[in-house]
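# Architecture and fold: a report
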Amino acid sequence: MVGGNTGGGTATRQTLTVIGHRGARGHAPENTLLSLDRAIHLGADWVEFDVQLHPAGALVLLHDLTLERTTDGCGALVDCDFDTLRRLDAGVGQKIPTLEEALELIEMQVGVNVEIKSAGGTGEAVAGVLRRYVAAGWPPDKLLVSSFHLPELWEFRQAAPEIPIAVLLAGVPLDFAGCATELQAAAVNLSAEFADPRLIADAKAHGRSVYVYTVNDPAEMQRLQVLGVDGVFTDYPDRVPESLRRPRRATP
Ligand code: G3P
Ligand code: MG
């Protein structure tokens, strides 16, 4: 999703890529197939979800290291056997999906941002799955793999150099977007709290797209668009003003 914004203050109308955060977290239980489906139907251009590697070898959609907040299970994900994990209720009867189930649901209707949450082989495992989908026809530019864990992201990059990556930042580094250059990342994904204009300008000057999380207020979306941001992660894809959106996809 390499964005088209060249910076603030240009005469051309710039649009924001709308990225559904954990699907459409404001409308459905996060990181579930229902949430992904909602995001697509609410007009998201992309969906983001969090992925962890379970000890049994499967990649599953889960944000926290523990199960309490989002399911009726308890304890650490890594301590839960896979069959038990798959029987948990992740909200309104939804199950914790695997990466493959998420991709099968999305079926290339929108772009996919896989956020790697766990380390210790997750990058390589995600690369293995995504490369299979790319080999089957999924365009690499409709995939983006991100992580706060930059060494794990590097492992992913080594295993799947054809798939774009994004560095996730939750602060303003001393060298601004320098880590994105080092990792040859296509994008920098910034926390809204630290969407510093110098950081945004540095990323853009080096050809990186900039996406900001998590933005649910339309006025803040507008402010970020003026700063030259390319897209926002939002729990409410339906809240993005029409004036900031790309032209809608044609309905089948
Ligand atoms: O990828 C953007 C955003 O999801 C990062 O933060 O904690 O919501 O996964 P978090
Ligand atoms: Mg995330």
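Summarised in this report is the structure supplied together with it. Per-chain numbering applies: the sequence of each chain, read as written, is numbered from 1 onward. Numbering of ligands from 1 and lettering of chains from A proceed in the order in which they are written. Per-residue local features of the predicted model are confined to residues with pLDDT of at least 70, and side-chain atom pairs are confined, for both listing and counting, to 80 or more; whole-chain, interface and lining totals are unaffected and use all residues.

As a further point, take the overall build of the protein chain. Only DSSP runs of H or I covering at least 4 residues are called helices, and only runs of E covering at least 2 are called strands; the numbering of each starts at the N terminus. Across its full length, the protein chain carries eight helices and nine strands. Values of the radius of gyration come from C-alpha atoms, whereas the globule rule sets the reference at 2.2 Å times the count of residues to the power 0.38. For 252 residues, the compact-globule estimate of 2.2 N^0.38 gives 18 Å, and the protein chain sits close to it at 17 Å. Principal axes of the C-alpha set define a box for the protein chain whose edges measure 55 × 35 × 35 Å. Across the 252 residues in the protein chain, those meeting the buried criterion constitute 48%. For the protein chain, contacts bridging at least 24 residues in sequence account for 56% of all contacts bridging at least 6. Residues with at least 20 other C-beta atoms within 10 Å of their own are called buried, those with 12 or fewer are called exposed, and the rest are partly exposed. The C-beta atoms themselves are positioned from the backbone. Contacts here follow a simple rule: the backbone-placed C-beta atoms of the two residues must lie within 7 Å.

Here the focus is the packing of helix H4 (residues 122-135) against helix H5 (residues 150-159). Simply put, an axis is a line fit to the C-alpha atoms, just over the touching stretch for a helix, and the angle between two N-to-C directions goes from 0 to 180 degrees. At a closest axis distance of 7 Å, the pairing of H4 and H5 adopts a crossing angle of 35°. Handedness of the H4/H5 crossing: right-handed. Listed contacts from H5 to Thr122, Gly123, Glu124, Val126 and Ala127 of H4 are Glu152, Leu153, Glu155, Phe156 and Ala159. Crossing handedness is defined as follows: a turn of the near helix away from the far one that is anticlockwise and smaller than a right angle gives a left-handed crossing, while the clockwise case is right-handed.

Time to look at the site of ligand 1. Close to ligand 1 lie His21, Glu48, Asp50, His63, Glu115, Ser146, Leu168, Asn189, Tyr213 and Phe233, which account for all nearby residues. Amino acids outside the nonpolar list (Ala, Val, Leu, Ile, Met, Phe, Trp, Tyr, Cys, Pro) and the charged list (Asp, Glu, Lys, Arg) are all regarded as polar, and Gly is one of them. A breakdown of the residues in the shell around ligand 1 according to their chemical character gives three nonpolar, four polar and three charged. Using a C-beta atom placed from the backbone, a residue is scored as near a molecule or strand whenever that atom is within 6 Å of it.

Taken together, the buried positions of H5 are Glu152, Leu153, Glu155 and Phe156. Around the axis of H5, the buried residues are gathered within 155° of arc, so they sit on the same side. Exposed side chains of H5 directed beyond 90 degrees from the buried face belong to Pro151 and Gln158. Here the buried face of H5 lies against strand S4 (111-116), H4, strand S5 (143-147), strand S6 (165-169) and helix H6 (178-183). Throughout, the arc means the angular range of directions from the helix axis out to the C-beta atoms.

Remark: helix H1 (residues 33-41) packs on helix H3 (residues 99-106), axes separated minimally by 10 Å, with the N-to-C direction vectors making an angle of 30°. In terms of their interaxial angle, H1 and H3 are classed as roughly parallel. Here the hand of the crossing between H1 and H3 comes out right-handed. From H1, Leu33, Leu36 and Asp37 reach across to H3, where they touch Glu101, Ala102, Leu105 and Ile106. Roughly parallel means an angle under 35 degrees; roughly antiparallel, over 145; roughly perpendicular, 65 to 115; everything else is oblique.

A few words now on the nonpolar core. Judged by nonpolar contacts, the single largest core of 74 residues is most densely connected at Val47, Val126, Val188, Val212 and Val232. Excluding residues within four positions of it along the chain, Val47 makes contact with Ile19, Gly20, Gly23, Leu36, Ala39, Ile40, Ile106, Val110 and Val112. To form a nonpolar core, buried Ala, Val, Leu, Ile, Met, Phe, Trp, Tyr and Cys residues must be joined through C-beta atoms within 7 Å.

Along the chain, Val78 turns up in the loop between strand S3 (59-61) and helix H2 (82-87). Residue Val78 is classed as partly exposed on the basis of its C-beta count, with 14 C-beta atoms lying within 10 Å. Each C-alpha atom, one on Val78 and one on Thr66, is 8.4 Å from the other, the two residues being twelve residues apart in sequence.

That's the geometry; what it means functionally is another story.
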